[in-house]
Amino acid sequence: MLHRRHFLSFAGIGAGTLLVAPHMALAAVETERRFVFIIQRGAADGLNIVVPYADPAYASLRGALAIDPAAAIRLDGTFALHPALKETAGMFAQKQAMFVHAVASPYRDRSHFDGQNVLETGGTQAYQVKDGWLNRLVTMLPKARDTAIAIAPTVPAALRGPMQVTSYAPSGLPTPSDDLMLRVGQLYAQDSQLHPAWAAALDARQLADGSGAKQDPASLGRLTASFLTKPHGPRIAMLETGGWDTHSGQEGRLANQLKALDSLLAALRDGLGPVWNQTTVLVATEFGRTAAANGTGGTDHGTGSVAWVLGGAVKGGRVIADWPGLANNQLYENRDLRPTAALDALIAGLAAESLGLDPDRVARRLFPLAGSPRPLTGLVGALPGVA
Amino acid sequence: MPLSTELSPAAIALNRFGLGATPAPLPGDPRQWLTAQFDRFETTPPAFAALPDARAMLTAYQEQQRELRKQAPPPAPGSPMPPGKTPEQKLARRDFGQDVRALYGQAVQARTQSALTTPAPFVERMVHFWSNHFCVSADDIPVTAFAGAFERDAIRPHVLGRFEDMVLAVERHPAMLMYLNQNQSIGPNSPAALRAQQRGGNPRKQGLNENLAREIMELHTLGVRSGYTQADVTEFARAMTGWTIGGPNDDAPGDFAFHPQQHEPGTRMVLGKAYAQQGMDQARAVMADFAHAPATATHVATKLARHFAGDNPPPPMVTRLANVFQTTRGDLPSLYKALIESPEAWQPQPLKAKTPWEWTVSALRALGRNEPGALQMAAIQQQLGQPVWKPGSPAGWDDTAASWIAPDALMRRVEFAQRLVAPLASQIDARRLAPQVLPGALTPAAQEQIAHAETPASALALMLVSPDFLRR
């Protein structure tokens, strides 16, 4: 039985197309630790990803959309994982994955774009902070020789800021002639906007040399891994996934999304090889979805959702939740999963422990306006090479 | 050689307001050239008119699927055949998908054709602006089928009309009704829902979907953080129930229909005002009030000013445009005139980074192309990072440099520029063309690189990716 206001953590029981925009952004820093942030744009449905099957209200709220506990993968006495997440379940069983449930950023309205802005900038309101928390995190690490690099047509808000970050995505177009490349470089040399972008693009091309040009989830996972394992390559990466806004036809759509994310994560882990033990992956979304199914086989914009933490060194195999309950009077505004954990606190603690930084300092730097949330710690075990 | 790096008024009219200069002679009076376009705009250019009818395609397909379902053998006991999985049904779905993708490609070509040959490039730019403001995203087959028709039938006829009429046309269009799930939203206390409950149906299967209602308020009219609450969204969603797409028994299958039996009965309270109208007029009345609200005027004025006067729109200009919007009750030509009269939009430095669409269209126009020909614009825009009518979210494409001047995007343009000019390099001298399409706007550095390029092709590609050409 679950008790509200108790911080619960449950020990584990041991054992398509994601519409992933081919968007990946990376930052190079002088560290052997890796940190990957995967954003789920569109408000992913936490209640059908990590299913609170033991909550008596779940099945009736979700009706036909409820995940059948018999088909789901049991995580503990309260939660089960969506059946499409087979690889993730395997990582959970090996204590390399965990979930933080009923979590939310400080944002409490239901606009995707404002919600994503708060999640990415680390402000308390949309458009209050100009640069992204991931960029501020890069500034806390020793700078690498090469400038930061990115894999995406554009740089996502979380990575925008004073630190140079580049972008890269597989191209289907022929390579320009040397003369053209040279003259373009000269033409942009005096342009404060174009010059850094061009220099970063040249770096990215060099790093990506020989990597595949496919854009399916597993290839993107491998491509990310190939960047993160280059000797002087980037150590921080961001991947953007879309397609989570399941207002209708949720059952099949969410299953496909999760299958794709699952294979991306597995490919990333496999591609990293031994480096997986120095890598932490955070998966988070701007907010959750309504506790009840809507009238059209889906769910509408909500509040609390679930965050995923994966990696070779994470203290996984558990679901961290101060479960608020799904009874009507327990819901936020009588409709959404009530947030009981702060995403800011999770991000601050996780990033700090993963990169060997002081959690309180990270919290102050990344979330200065949130009153420096008390970081959630004890998430990552000692890393190789760390005292 | 004059050291002029100040954009000439002609360059601003052609490149910032229009879709890019062509090798044709420059306009005499730039402002007059812009306003005169209001009379020259072609609402439905031939390429758009010639598109196959998406509605007919979809209804024929649905009819076919209904027939196939009837013929499908009953599932074997123990192994239920999921609906739509017989070989015939799968084949029909595949064919339909192919037809729709072909239609989408043809519609993108029509849009390009129109952008290359329009006698009114400024008005055409406004079509693209509104199409993005009220965007659908062609992420599934049905919306993909209607994407071109949406711009042709909901945006183009109203680009020189009233904002309110455009709102109404957009929210009634099947592409929008499907994209934001309005076609499935049913009033929980509507006759249809009550009847279903009496029959013992699952009440959750018949209910409200607030997606379109929210985005109308947040994105199409009032703007986010303009003071409405979740309760306002829900009330407006209730008012909108019944707005849907006609089925086989409706007068116009596949087109907008109002189904009174799905409409939530009762008076609605939205933003403190009671709407006692019954039926379709209720949501229409709310929308009309949204269209004329001061918050909408500011929202629209801000986006317009950002599109012409820079990523950080000058507040006095926003205020002026919002006032014109308010006093003329959303008369769009008046708004465009106010834009043309705004000194902030005529600053002689480049104010905007071109999006991939703007850049490709301006490149084709500069090279004197008057048809896309064999260039598959849908694939090109996909490669350049801005697939047409697929922004992936109802907010549309972002309109700031930070979204478009990124390392990979830049590299992609250089790659594409080289491919684009390859067949033309022997016919076009970049040294002569560059000052013509960038009148007074070509920096000496760009001139020099163009003049000293290794090959005519390199010179021409350099012109297209020069900082002067990447911005407007």
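Going by the structure above, here's the rest.
Residues numbered from 1 in each chain as written. Chains lettered and ligands numbered in written order. Predicted model: local features only at pLDDT ≥ 70, side-chain atom pairs only at ≥ 80, totals over all residues. Heavy atoms only, no water.

**Describing the sheet that holds strand β6 (residues 80-81) of chain A**
Remark on secondary structure: sheet strands pair via backbone hydrogen bonds, oriented parallel or antiparallel. Residues and elements named next belong to chain A. Put simply, the test is: At least two bridges found by DSSP between two strands are what make those strands a pair. Helix and strand definitions follow DSSP, with helices as H or I runs of at least four residues and strands as E runs of at least two, each counted in order from the N terminus.
Overall, antiparallel pairing links the three strands, which are arranged β4-β6-β5 in an open sheet. Two strands bound the open sheet, and with one partner strand each, they are β4 (50-51) and β5 (73-74). One ladder, built from two bridges, connects β5 with β6; its direction is antiparallel. Paired with I73 across the strands is L81, a residue of β6.

**What about unusual backbone geometry?**
Backbone geometry places K95 of chain A, a non-glycine residue, at a positive phi of 60°. Structurally, K95 of chain A is set in the loop between α3 (86-93) and β7 (97-104).

**Some points on the interface of chain A and chain B**
Worth spelling out the cut-off: Any two residues having at least one pair of non-hydrogen atoms within 4.5 Å are treated as being in contact. What gets called buried area is simply the loss in accessible area from a 1.4 Å probe that two parts show on being joined, summed for both. When a carboxyl oxygen of Asp or Glu is within 4 Å of a side-chain nitrogen of Lys or Arg, the pair counts as a salt bridge. Under this definition, polar contacts are N or O atom pairs within 3.5 Å; protein pairs additionally need one hydrogen-donor-capable and one acceptor-capable atom, and for neighbouring residues in sequence, both atoms have to be side-chain atoms. Amino acid classes used here: Ala, Val, Leu, Ile, Met, Phe, Trp, Tyr, Cys and Pro are nonpolar; Asp, Glu, Lys and Arg are charged; the rest, including Gly, are polar.
Each partner contributes residues to the interface: chain A has 55 residues there, and chain B has 56 residues. In this assembly, chain A packs against chain B so that about 4,500 Å² is buried in total across both faces, 57% of it on carbon and sulfur atoms. Remark: the boundary between chain A and chain B carries three salt bridges. In this structure, D114 of chain A engages R225 of chain B in a salt bridge whose closest nitrogen and oxygen atoms are separated by 2.6 Å. Taken together, chain A and chain B are joined by 20 residue pairs in polar contact (both at pLDDT 80 or more). Listing elements by their share of the side of chain A that touches chain B, those giving two or more residues are α2 (58-62), α4 (112-121), β9 (166-167), α6 (178-188) and α7 (194-208) of chain A. Top contributing element to the side of chain A that touches chain B by residue count: α6 of chain A, with eight residues. Classifying every residue of the side of chain A that touches chain B gives 28 nonpolar, 18 polar and nine charged.

**Here's the deal with the environment of E286 of chain A**
Residue and element names in this part refer to chain A. By secondary structure assignment, the location of E286 is in the loop between β11 (279-285) and β12 (305-310). When residues no more than four places from it in sequence are discounted, the contact partners of E286 are Q40, R41, G42, A43, S105, H112, G115, Q116 and L119. A distance of 3.1 Å separates a polar atom in the side chain of E286 from the backbone nitrogen of A43.

**A short note on the packing of aromatic side chains**
Residue and element names in this part refer to chain B. As a reminder of what qualifies: Centre distance within 6.5 Å is the pairing criterion for rings of Phe, Tyr and Trp, where only the six-membered ring of Trp is used; planes under 30 degrees apart are then read as stacked, over 60 as edge-to-face, and the remainder as tilted. Burial status follows relative accessibility: with a 1.4 Å probe on protein chains alone, a residue under 20% of its type maximum counts as buried, one over 50% as exposed, and anything between as partly exposed. Two thresholds decide whether a charge sits over a ring: the Lys NZ or Arg CZ must be within 6 Å of the ring centre and within 35 degrees of the ring normal.
Within this structure, the stated rule accounts for 25 aromatic pairs over all chains. Taken together, a centroid distance of 5.0 Å and an interplanar angle of 80° make the contact between F129 and W130 edge-to-face. Taken individually, F129 and W130 each receive the classification buried, so the pair is uniform in this respect. One aromatic cluster is present, formed by F17, F38, F122, F308, Y336 and W346 through successive ring pairs. Positioned above the aromatic ring of Y104 is the side chain of K390, whose terminal nitrogen or guanidinium carbon lies 4.7 Å from the ring centre. R472 extends its terminal NZ or CZ atom over the ring of F308, reaching a point 6.0 Å from the ring centre.

**Describing the pairing of β7 of chain A**
Residue and element names in this part refer to chain A. With respect to burial, β7 is a largely interior element, eight of its eight residues being buried. Where β7 lies against β12, six bridges are found, and the strand directions are antiparallel. Within the sheet, the bridge partner assigned to V103 lies in β12 and is S305. Examined bridge by bridge, β7 and strand β13 (residues 318-321) share three bridges and lie parallel to one another. Paired with V100 across the two strands is I320, which belongs to β13. Note that β7 and strand β14 (residues 341-342) share two bridges and pair parallel.

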